[in-house]
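# Geometric and topological summary
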Amino acid sequence: DTEVTQTPKHLVMGMTNKKSLKCEQHMGHRAMYWYKQKAKKPPELMFVYSYEKLSINESVPSRFSPECPNSSLLNLHLHALQPEDSALYLCASSQEGSSLSGANVLTFGAGSRLTVL
Amino acid sequence: GNSVTQMEGPVTLSEEAFLTINCTYTATGYPSLFWYVQYPGEGLQLLLKATKADDKGSNKGFEATYRKETTSFHLEKGSVQVSDSAVYFCASISSGSARQLTFGSGTQLTVLP
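Now for a look at the structure at hand.

## Quick notes on the environment of K38 of chain A
Residues and elements named next belong to chain A.
- By the secondary structure assignment, K38 is in the loop between β4 (31-37) and β5 (44-50).
- According to the relative accessible area criterion, K38 is partly exposed, its value standing at 32%.
- Sequence separation of K38 and E67 is 29 residues, and the distance between their C-alpha atoms is 22 Å.
- Those residues within four positions of K38 in sequence are excluded, and the remaining contacts are E84, S86 and A87.
- Only 2.9 Å separates the side chain of K38 from the backbone oxygen of S86, close enough to count as a polar contact.

## Describing unusual backbone geometry
- Cis peptide bonds are those with omega within 30 degrees of zero, and the linkage from T7 of chain A to P8 of chain A qualifies with -10°.
- Along the chain, P8 of chain A turns up in the loop between β1 (4-7) and β2 (10-13).
- In this structure, K60 of chain B is a non-glycine residue whose phi angle is positive, near 55°.
- Tracing the backbone through its elements, the reader meets K60 of chain B in the loop between β7 (56-59) and β8 (62-65).

## Remarks on the sheet that holds strand β8 (residues 73-79) of chain A
Residue and element names in this part refer to chain A.
- Taken in spatial order, the 4 strands line up as β1-β3-β8-β7 in an open sheet, and their pairing is antiparallel. What marks the edges here is a single partner per strand, and that holds for β1 and β7 (64-70). The average undirected angle you get between the axes of adjacent strands in this sheet is 20°.
- Both β1 and strand β3 (residues 18-25) contribute to a ladder of 4 bridges, which runs antiparallel. Its bridge partner lying in β3, V4 is registered against Q25.

Reading the values: rules and limits
Within any chain, residue numbers begin from 1 and follow the written order of that chain's sequence. All chains are assigned letters beginning with A, and all ligands numbers beginning with 1, in the order in which they are written. Only residues with pLDDT of at least 70 get local features here, since the model is predicted, and only at 80 or more are side-chain atom pairs given and counted; chain-wide, interface and lining totals rely on the full set of residues. Processing note: side-chain calculations cover all non-hydrogen atoms of the structure and skip hydrogens and water entirely. Here a helix means four or more residues in a row that DSSP labels H or I, a strand means two or more in a row labelled E, and each is numbered from the N terminus. With a 1.4 Å probe rolled over the protein chains alone, any residue whose accessible area is under 20% of its type maximum counts as buried; one over 50% counts as exposed, and the rest are partly exposed. Throughout, a residue-residue contact means that at least one pair of heavy atoms, one from each residue, lies within 4.5 Å. Pairs of N or O atoms within 3.5 Å make up the polar contacts considered here, provided that, within protein, one atom can donate a hydrogen while the other can accept it, and that residues adjacent in sequence are counted only when both atoms are side-chain atoms. Two strands make a pair as long as DSSP finds a minimum of two bridges between them. Here the axes come from fitting lines to C-alpha atoms, over the contacting stretch only for helices, and the angles between their N-to-C directions go from 0 to 180 degrees.

Here it is, written out as structure tokens:
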């Protein structure tokens, strides 16, 4: 299994809703990532988990709350979002919990497209 | 810190045309370099990579050579197909944080039949 699986593929929510995005990988990767991608832009890093511990939080607003229940799963809990949070949310994983390199590359999921009304 | 400058798009070509998408980088040290491709409605897929000067990455007919003297990693393909229509991102490993990919702005390629 060489895939990163994200659910749901599409999500529409109101500003008062609470929802979650889910990500799963079974490649034995020990680092997992959330990225946000606006249309026609490159992905922006939000969070990195290494060995199930949060290692990077790129000053993301608290209305986004990540969770890593185990080494295969990564969630992004959403609450009180704003319309400008509408974007494609990409999950990724990498083999080692340590640094990225030419040998330790990111594998991306297909993304969850979020629309906030 | 690192930065990646990518050729502005969009690029529109006819099938079987030659493709070049320019990418230059600035970095301290010797970064690893990558090209990712994003097909419509999908996530990013690693297309090819190079880890040191003069390395050539290749995949699916695409090639890119790590040129230290010109700090470039241009993507080329000799004969594009309609199925190559996608957004292409050049990227490098950040020296400031080895967990971060530094992406270029992306180049939209459309190949017409």
